Every structure is written in C-alpha cells, then in structure tokens.
Amino acid sequence: MGWRRPRPPGPWRPGNRVSLLENGEEFFPRAFAAIAAAQREVIIETFILFEDAVGRDLQRTLIRAANRGVRVDLTYDGYGSPAFSPEFLSELIAAGVRVHAFDPHPGLLGVRVNVFRRLHRKLLIVDGERAFIGGINYSIDHLVETDPTHKQDYAVEVEGPVVADIHSFARSALGGDGTGERWTHPPASVERAHAGDAQVLFELRDNRRRRTSIEREYRRAIREAKHEITIANAYFFPGWGFLRELRRAARRGVKVTLLVAAESDSPIAHPATRTLYRHLLRARVDIVEYCERQFHGKVAVIDGRWSTIGSSNLDPLSLALNLEANIFVRDAGFASQLTARLAALRQRECHAIDVAQLGERTWWSRITRPLLFHVLRRFPRWAGLLPGHTPQLVRVTAPADGT
C-alpha cells in the first residue's frame, strides 16, 4: 500500500461543557442516569461488556429505555466481550434493543486469527445531545471502592456542539462495518446549542483514512508546548517520532512528566515501556510509575490549557490497529481539574524513576533491548500479514453461547 496524505484535522467546536468522571464510581451513575432519562435514542459502543453486576445493571437500564419506546443500539467487541449467557442477550433483544457484535466469531479452525483489529472505542450518546467518552468499560473491575485492586481510569460527559460530531459518527458506524468510514463531520447547521466554554475536537483512529489522526493531535500539541506536558497512559510504547517530540520538548525546557503503570495485565506491556526509560530520562523526562493498582487511563494535559481523554493507548495496538476515539479539549478549567486529579494520584500512589534504579546496562541488554523495541514496533505490520478477514459489524438476532 502506497503512502497516503493524512486526512486534515476535523473542526474544533466551541461552546461545549466537559465534565471529568474518575473511575466507575463517578462514571456509571451519570451514564445510567442519562440512559434512564433518554426520550428518543441511546447508542453505546464498548470494548468490554461483562455479565457481572455492572453489566446486568446496564442491561436492565437499557431494557427499561427500550420498553418506553427509546431506540437503543448496543455494540460490543467480540474479542473483548467473549461470552454471555443466552438469557442476557435474549432479554435485551426481546425488549427491542438492537444488539451488534464487532467481529464476534472465531476464525480459522475455530481459532481467532484476527485478534488485533478491535473495536476499542467507548462511546455513549443519548438523544444526540449528551455524550460520554473515555477508557471505562462496562465491568465491575472499574469500581475501585468495591475492590482496591481494580482499575484506575477516566471518562468525560460532554454537552454542546461537538456532540453532533460524535452522534453523527456513531450513527454512520451502525450502518456499515463499524468503522464509520463514510462518516464526515456534520455541517455547522446541525450543531447543538452552546453549553459551556470548552473547545472540543472529536477524533478517531481507524485502519483506512484516519490511521494517524489521534497520534497526530498528540504530536502537534507536544511540538507547541511551552511550559508543561503530563501524559498518563496505561500502555506506553509509541514510535520514534513520538518519543523524539517528547525528548525535544524536555530539552527546550518544557517540564515533561510521564505517568505509566508499574504493573500490567499484559505480560509484555510493562517490560516494553521500561525499555524506553533510559532514553527518556537522559533527555530530562520525568517518569513516575503508578503502584496502587492497575492503571487504565489514557489522558494528557499540556500547558494548563490542552487536554485529551479517550480510548487510545500510546502503544502499537492503539496507534496502528485498533478502532479508537478520543476528544481533545482546549479549556483551562477542565485542564486544571484533570491536572489536580493526576497530581493527587502521583502524590499518593506513585513513585519516581531515576537512572540509578535501572542498574548497570549489561552487554546482553544493549543487544536485546533495541531488538525488542524494533520487534514490537513492527508488530502491527506483521500482524496485518496474518491470515484473517475484514472485521464486520454483525446484528445479533438470536442469542447463543460464546457470542
């Protein structure tokens, strides 16, 4: 495939209100209340939907909405949400909920060979007027108060003109293969009423025209940074171009802080991130590891004005394979709130990394670490060569085990 000119960035919409939601304790009550108040339409996309206490609460809330005449579309990823009981789905479908599965079926000889192109977005749009976006799935492991070992994560509730973009995209994704490839930003004439002071850009990453859209917005903001950059990301392993932007920012005097997970549910994720530590520390990038529980956030703040939050990690899967969605926010108030939350997290539950903690580099590590970096960075390209199929959005009409 030849080189393609990057798609120009979408419009920044003024006049939005953006509310930060930390963990399931803040996210689930607001999201479920919005669904309960829906009058016309509810659209949900999620990577993970588990049939646990949170998943059953969502099911009941959606069924009640459908029973009062609200059109409800629920889309889950077939890899992230691998199994439901027949009753769980049949009750949704019987109530009139339109259930969709993204790439639900195992592939070659019953083995899923196309595991790397996932619907990783987390979106909820209610009546085309209110949207939720972030990194939180519908599962009990986002409730920290229930279990202190559960995931630390973030989402936002959005009102205002940018919701027209999110709603328009979500509708178009339901009409095709789930990517929303035919989607374009709606014209200004369909923008929603002024709701606040935040400028917001809704941006996607797919495997067609928007392959680098989210990474491009990150790198543009990093290049323009004057004072401070804070990136807090669960899976941090970007390419050399992204790392070069961070190092250049630190060397020109910008205070750059990287908050990453000390432990991960992926056996390769944390070792991969640690291969970057020396490279970044030598450029005066501050690195802190979050130690209290699993960190699942995907957020950043730059110069107390620019912020992002969404589903995209900064690793090969999110930057080169998965379907992702982030919003980018220009608003000092929201940036201040997110900065304060991250600062409190850092003070209570993180420890700083320095070169002395990394120990002496052995001849073996000098060979294997660069090799590991290049293998992992090229992994998305190699994964694309595996036998497989183009993921499709499938309407679920009859429940079955293993869907």
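Every value quoted in this text rests on a predicted model; they were computed, and no experiment measured them.

1. Thoughts on the overall build of the chain
- Of regular secondary structure, the chain possesses 11 helices and 16 strands.
- Looking at the 403 residues of the chain, the share that counts as buried comes to 58%.
- Summarising the internal contacts of the chain: among those between residues at least 6 apart in sequence, 81% fall at separations of at least 24.
- By element, 54% of the accessible surface of the chain is carried by carbon and sulfur atoms, the whole surface being about 16900 Å².

2. A few points about the packing of aromatic side chains
- The full count for this structure, using the stated rule, is 18 aromatic pairs.
- A centroid spacing of 6.2 Å and a plane angle of 40 degrees characterise the contact between Phe28 and Tyr138, whose relative ring orientation is tilted. Of the two residues, Phe28 is situated in helix 1 (residues 23–36) and Tyr138 in the loop between strand 6 (130–134) and strand 7 (154–159); the sequence distance between them amounts to 110 residues. Taken as a pair, Phe28 and Tyr138 share a single burial class, namely buried.
- Taken together, Phe27, Phe28, Phe32, Phe132 and Tyr138 form an aromatic cluster joined through their ring pairs.
- If you follow Arg330 out to its NZ or CZ, it ends over the ring of Trp12, 3.7 Å from the centre.

3. Some details on empty space enclosed by the protein
- Applying the stated criterion across every chain yields a total of three cavities of 30 Å³ or more.
- There is about 50 Å³ of room inside the largest cavity.
- Counting residues per element, the ones that place at least two in the lining of the largest cavity are strand 5 (123–126) and strand 6.
- Its residues placed into classes, the lining of the largest cavity shows eight nonpolar, two polar and two charged.

4. Notes on the nonpolar core
- With 47 residues, the main nonpolar core has Val18, Val156, Phe202, Phe295 and Ile327 as its most contacted residues.
- If near-sequence neighbours (up to four positions away) are discounted, Phe202 is found in contact with Leu123, Ile133, Val162, Asp165, Ile166, Phe169, Trp183, His185, Ala325, Asn326 and Ile327.
- In this structure, Phe32, Ala65, Leu92 and Val396 belong to the second largest nonpolar core, which totals 37 residues.

5. Quick notes on helix 3 (residues 86–94)
- Listed as buried for helix 3 are Phe88, Leu89 and Leu92. Looking straight down helix 3, one finds that the buried residues subtend no more than 85 degrees of arc, so they occupy a single side.
- Looking at the packing, one finds that the buried side of helix 3 touches helix 2 (53–67), strand 3 (71–77), strand 4 (98–102) and strand 16 (393–396).
- Count one or two residues on from helix 3 and you reach Gly96, which has phi positive near 100 degrees.

6. Brief notes about the pairing of strand 9 (residues 228–233)
- Most of strand 9 sits out of view: five of its six residues are buried.
- Bridge count between strand 9 and strand 10 (residues 255–261): five bridges; the pairing is parallel. The partner of Thr230 across the bridge, within strand 10, is Thr257.

7. Side note on unusual backbone geometry
- Even without glycine at this site, Asn23 takes up a positive phi of about 65 degrees.
- Mapped onto the fold, Asn23 is located in helix 1.
- For Asn23, a relative accessible area of 7% translates into the label buried.
- In this structure, Asp303 takes a positive phi of about 55 degrees despite not being glycine.
- Tracing the backbone shows Asp303 in the loop between strand 12 (298–302) and strand 13 (306–310).

8. Overview of the pattern of salt bridges
- One pass over the structure, following the stated rule, counts 24 salt bridges.
- In this structure, Arg121 engages Glu45 in a salt bridge whose closest nitrogen and oxygen atoms are separated by 2.6 Å. Of the two residues, Arg121 is situated in the loop between strand 4 and strand 5 and Glu45 in strand 2 (residues 41–46); the sequence distance between them amounts to 76 residues. Of the two residues, Arg121 and Glu45, neither departs from the other in class, the shared state being buried.
- The residue Asp73 makes a salt bridge to Arg71 at a minimum N-O spacing of 3.0 Å.
- Look at Asp73 and you get buried, because its relative accessible area is 1%.
- Each of the salt bridges in this network shares a partner with another, and the network as a whole consists of Arg17, Arg30, Arg130, Glu157 and Glu159.

9. What about the environment of Lys255?
- Summarising the element assignment, Lys255 is placed in strand 10.
- Residues Lys255 and His227, spaced 28 residues apart in sequence, show a C-alpha to C-alpha distance of 6.2 Å.
- Not counting residues up to four positions away in its chain, the partners in contact with Lys255 are His227, Glu228, Ile229 and Asp286.
- Side chain to side chain, Lys255 and Asp286 meet in a polar contact 3.0 Å long.

10. A short note on the confidence of the model for the chain
- With 83% of its residues at a pLDDT of 70 or more, the chain shows a mean pLDDT of 87.
- Confidence drops under a pLDDT of 50 for residues 1–6, and excluding neighbours within four residues, the segment shows three contacts in the predicted structure.

11. A look at the environment of Gly78
- Examined against the element boundaries, Gly78 turns out to sit in the loop between strand 3 and helix 3.
- As for Gly78 and Ala101, which are separated by 23 residues in sequence, their C-alpha atoms are 5.8 Å apart.

Thresholds applied
- Residues numbered from 1 in each chain as written.
- Predicted model: local features only at pLDDT ≥ 70, side-chain atom pairs only at ≥ 80, totals over all residues.
- Heavy atoms only, no water.
- Helix = DSSP H or I, 4+ residues; strand = E, 2+ residues; numbered from the N terminus.
- Buried < 20%, exposed > 50% of the residue type's maximum accessible area, 1.4 Å probe, protein only.
- Contact = heavy atoms within 4.5 Å.
- Areas by Shrake-Rupley, 256 points an atom, 1.4 Å probe, with all protein chains shown as cover.
- Phe/Tyr/Trp six-rings, centres within 6.5 Å; stacked < 30°, edge-to-face > 60°.
- Lys NZ or Arg CZ within 6 Å of the ring centre and 35° of its normal.
- 1 Å grid on protein atoms, 1.4 Å probe; cavity = no way out; pocket = protein on both sides within 12 Å on 5 of 7 lines; lining within 4 Å.
- Points joined across faces, edges and corners; volume = space filled by probe spheres on them.
- Nonpolar A, V, L, I, M, F, W, Y, C, P; charged D, E, K, R; others polar.
- Core = buried A, V, L, I, M, F, W, Y, C linked by side-chain atoms within 4.5 Å.
- Arc of directions from axis to C-beta.
- Pairing = 2+ DSSP bridges.
- Salt bridge = Lys/Arg side-chain N within 4 Å of Asp/Glu carboxyl O.
- Polar contact = N/O pair within 3.5 Å; in protein donor to acceptor, adjacent residues only side chain to side chain.
- pLDDT = per-residue confidence, 0-100.

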